[in-house]
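Structural features, examined
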Amino acid sequence: MRRFTLLRELWAFMRVRKKWWLLPIILVMLAIGSLLVFAQGSVLAPFIYTIF
C-alpha cells in the first residue's frame, strides 16, 4: 500500500505544481529499471549491462 501512496502523492504534486516535464523522466526510469530487473537472470543480462 505504501507504494501506491507514494505514486498518488507524486501525481498530486505534478498536477498542482504543473510539473508535467517530470512524467517522461519517471517513465523512462521505470522502464530501464524494469528492464534490468527482468533481464537479470536471463541470457541477455551481459548484453544489457554493456549498454550502461
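Below you will find a few notes about this structure. Since this is a predicted model, take the numbers as computed values, not measurements. (Residues numbered from 1 in each chain as written. Predicted model: local features only at pLDDT ≥ 70, side-chain atom pairs only at ≥ 80, totals over all residues. Heavy atoms only, no water.)

Secondary structure summary: the protein contains three helices and zero strands in total. For the protein, the sequential pattern of α-helices and β-strands runs α-α-α. By principal-axis analysis of the C-alpha atoms, the protein measures approximately 45 × 25 × 10 Å. Scored against the burial criterion, the 52 residues of the protein give a buried share of 8%. (Helix = DSSP H or I, 4+ residues; strand = E, 2+ residues; numbered from the N terminus. Buried < 20%, exposed > 50% of the residue type's maximum accessible area, 1.4 Å probe, protein only.)

Attention now goes to the environment of P24. Positionally, P24 belongs in helix α2 (residues 22-38). Note on P24: relative accessible area 46%, which makes it partly exposed.

Moving on to unusual backbone geometry. Even without glycine at this site, K18 takes up a positive phi of about 60°. Inspection of the secondary structure assignment puts K18 in the loop between α1 (2-17) and α2. The exposed category is assigned to K18, whose relative accessible area is 58%.

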